[in-house]
Amino acid sequence: ATPTSIMVGTGKAAENGILFKGGEHLERTHELNAIVLDKTGTITKGKPEVTNFTGDEETLQLLASAEKGSEHPLAEAIVGYATEKNIDLVEVDDFVAIPGNGIEVKVSSSHILVGNRKLLQNHQVDIGGAEQELIDYEIEGKTAMLIAIEGQYRGIVAVADTIKETAPQAIRELKEEGLEVIMLTGDNERTAQAIAKQVGIDQVIAQVLPEEKAGKVKEIQDKGKKVAMVGDGVNDAPALAIADIGIAIGTGTEVAIEAADVTILGGELLLIPKAIKISHATIKNIR
Ligand code: ADP
Ligand code: MG
């Protein structure tokens, strides 16, 4: 490999908004045969909005007050929804985030849980007939969260995030380049499958806790694959670091960009197959 041709390749990539941290990453990109993509903020826009809320006004007030303390995009959506409905938020006494599952909060001396099935199950909350409503939202690709107050089920809030317009084409091109494409998410299996279907991904690894993401990438590597990981979040950083090539979404967190080998500007997914094509063109010219 001549250093000059590598420089030409990374230069061409940079012109297109693909920033390689070094020439060796361009060479390794040429060898990839699998790619793992995070769902929220990578495949989807990461700007979820509340589409459904079942519950009374007090529940909405406590729900939004509880979520005020969370930095999660889901929390932002819920707080925005309550604000639009002119709900006054109240002070939170104690806030605990349970990564990958939800939040546990004390508001107005009430104990509030907001999160997935597992969170409510862990606290022995009976959700009764809400299970079917939950499933209905999940089939539509929505993320539905359950609310319990003082150990009693009180309502459900569903949030939808839209896929990036160019995601289906980007996935198609990645497959055409011979890559196995896999979606990785902390969200539940049904929601993940619905989003995967919209973009043409048939392999999904769902309900993965933030600290388990890197291990999932490692498992694919252990099968003999050269794996790229694409992500935007703080949660994705260890997986970006362990992957053969870590690709950060330019609109994502600084932590993800630092952990990655490549950054794609503006979060445009079409730049990923583009990077692979540039790597092939560059390395072929060398050998
Ligand atoms: P993702 O990979 O989509 O970013 P996370 O691992 O952050 O997912 O979260 C997984 C699940 O945990 C969410 O789908 C949601 O059910 C629950 N969850 C996480 N954060 C919150 C929150 N602030 N409020 C309610 N539920 C939450
Ligand atoms: Mg994400």
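Relevant structure appears above.
Residues numbered from 1 in each chain as written. Chains lettered and ligands numbered in written order. Predicted model: local features only at pLDDT ≥ 70, side-chain atom pairs only at ≥ 80, totals over all residues. Heavy atoms only, no water.

Chemist: Any details on the coordination of the magnesium ion (ligand 2)? Residues and values, ideally.
Modeler: Note on the magnesium ion (ligand 2): its protein donors are Asp-38 (OD), Thr-40 (O) and Asp-232 (OD). The metal-donor distances range over 2.0 to 2.3 Å. Sequence spacing among the residues donating to the magnesium ion (ligand 2) works out to D-x1-T-x191-D. One end of the pair, Asp-38, is in strand E2 (residues 34-38); the other, Asp-232, is in the loop between strand E11 (227-231) and helix H11 (237-242), and 194 residues separate them in sequence. (Donors = N, O, S within 2.8 Å, 3.2 Å for Na, K, Ca; no water. Helix = DSSP H or I, 4+ residues; strand = E, 2+ residues; numbered from the N terminus.)

Chemist: Run through the nonpolar core, naming residues and quoting values.
Modeler: Grouped together as the largest cluster of nonpolar side chains are 36 residues, with contacts concentrated most on Ile-18, Ile-35, Ile-201 and Ile-272. Top element by residues in this core is helix H13 (residues 271-286). It accounts for 5 residues. In this structure, Ile-272 is in contact with Ile-35, Leu-174, Val-230, Ile-247 and Ile-264, ignoring residues within four places of it in sequence. Ranked by size, the runner-up nonpolar core spans 23 residues in total, among them Val-50, Ile-78, Ala-82 and Val-157. (Core = buried A, V, L, I, M, F, W, Y, C linked by side-chain atoms within 4.5 Å. Buried < 20%, exposed > 50% of the residue type's maximum accessible area, 1.4 Å probe, protein only. Contact = heavy atoms within 4.5 Å.)

Chemist: Describe the sheet that holds E2, and please don't skip the residues or the numbers.
Modeler: Sheet strands pair via backbone hydrogen bonds, and the direction of the pair is either parallel or antiparallel. Taken together, the 7 strands give an open sheet; going across it, the order is E1-E13-E12-E11-E2-E9-E10, and neighbouring strands pair in mixed fashion. A single partner strand is all that each edge strand has here, and the edge strands are strand E1 (18-20) and strand E10 (203-205). Each strand axis lies, on average, 20° off the axis of its neighbour in the sheet, ignoring direction. Bridging between E2 and E11 involves 4 bridges; their strand directions are parallel. For Ala-34, the partnering residue across the bridge sits in E11 and is Val-227. The strands touched by helix H10 (residues 213-222) are E2, strand E9 (180-184), E10 and E11; relative to E11, the strand with the most contacts, the crossing angle is about 155°. (Pairing = 2+ DSSP bridges. Axes fitted to C-alpha atoms, helices over the stretch in contact; angles between N-to-C directions.)

Chemist: So what's going on with the site of ligand 1? Residues and values would help.
Modeler: Around ligand 1 sit 17 residues, and of these Thr-40, Glu-67, His-72, Gly-100 and Gly-186 come closest. Between ligand 1 and Asp-187 there is a distance of 3.2 Å, counted from an oxygen atom to a side-chain nitrogen or oxygen. Elements with a minimum of two residues in the shell around ligand 1: strand E5 (102-107), strand E6 (110-115) and strand E7 (143-149). (Near = heavy atom within 4 Å. Polar contact = N/O pair within 3.5 Å; in protein donor to acceptor, adjacent residues only side chain to side chain.)

Chemist: Give me the packing of aromatic side chains: which residues, what numbers.
Modeler: Per the stated rule, a full pass over the model turns up 1 aromatic pair. Centre to centre, the rings of Phe-53 and Tyr-81 are 6.4 Å apart; their planes meet at 55°, and the pair counts as tilted. One end of the pair, Phe-53, is in strand E3 (residues 49-54); the other, Tyr-81, is in helix H5 (residues 73-84), with 28 residues separating them in the sequence. Taking relative accessible area as the criterion, Tyr-81 reaches 17% and is therefore assigned buried. (Phe/Tyr/Trp six-rings, centres within 6.5 Å; stacked < 30°, edge-to-face > 60°.)

Chemist: Hey, could you go over the packing of helix H7 (residues 130-139) against helix H9 (residues 189-199) for me, with residue numbers and the actual values?
Modeler: The angle between the axes and the distance between the axes are what describe a pair of packed helices. Close contact between H7 and H9 brings their axes to 7 Å; oriented N to C, the two are set at 20°. By the angle class used here, H7 and H9 are roughly parallel. Between H7 and H9, the residues in contact are Ile-135, Glu-138 and Ile-139 and Arg-190, Thr-191 and Ala-194, respectively. In the contact of H7 with H9, the residues fall into 3 nonpolar, 1 polar and 2 charged. (Parallel < 35°, antiparallel > 145°, perpendicular 65-115°, else oblique. Nonpolar A, V, L, I, M, F, W, Y, C, P; charged D, E, K, R; others polar.)

Chemist: Lay out the pairing of E5 with the relevant residues and their values.
Modeler: Burial along E5 is one-sided: Ile-103, Val-105 and Val-107 are buried, while Gly-102, Glu-104 and Lys-106, pointing the other way, are not. As defined by bridge partners, strand E4 (residues 92-98) adjoins E5 across 6 bridges and the pair is classed as antiparallel. Bridging across to E5, Val-96 finds its partner in Glu-104. Counting the residues that bridge the hairpin from E4 to E5 gives 3 residues, and of these Gly-100 lies at a positive phi of roughly 80°. Across 6 bridges, E5 lies against E6 in antiparallel orientation.

Chemist: Before we move on, could you go through the environment of Asp-88 and cite the residues and values that matter?
Modeler: Within the element layout of this structure, Asp-88 appears in the loop between H5 and E4. Accessibility expressed as a relative area gives 61% for Asp-88, which makes it exposed.

Chemist: Can you explain the environment of Phe-20? Please cite residues and give values.
Modeler: Tracing the sequence through the fold places Phe-20 in strand E1. Judged by relative accessible area, which is 14%, Phe-20 ranks as buried. Residues Phe-20 and Ala-275, spaced 255 residues apart in sequence, show a C-alpha to C-alpha distance of 9.3 Å. Excluding residues that lie within four positions of it along the chain, Phe-20 makes contacts with Thr-10, Ala-13, His-25, Leu-26, Thr-29, Asp-261, Val-262 and Ala-275.

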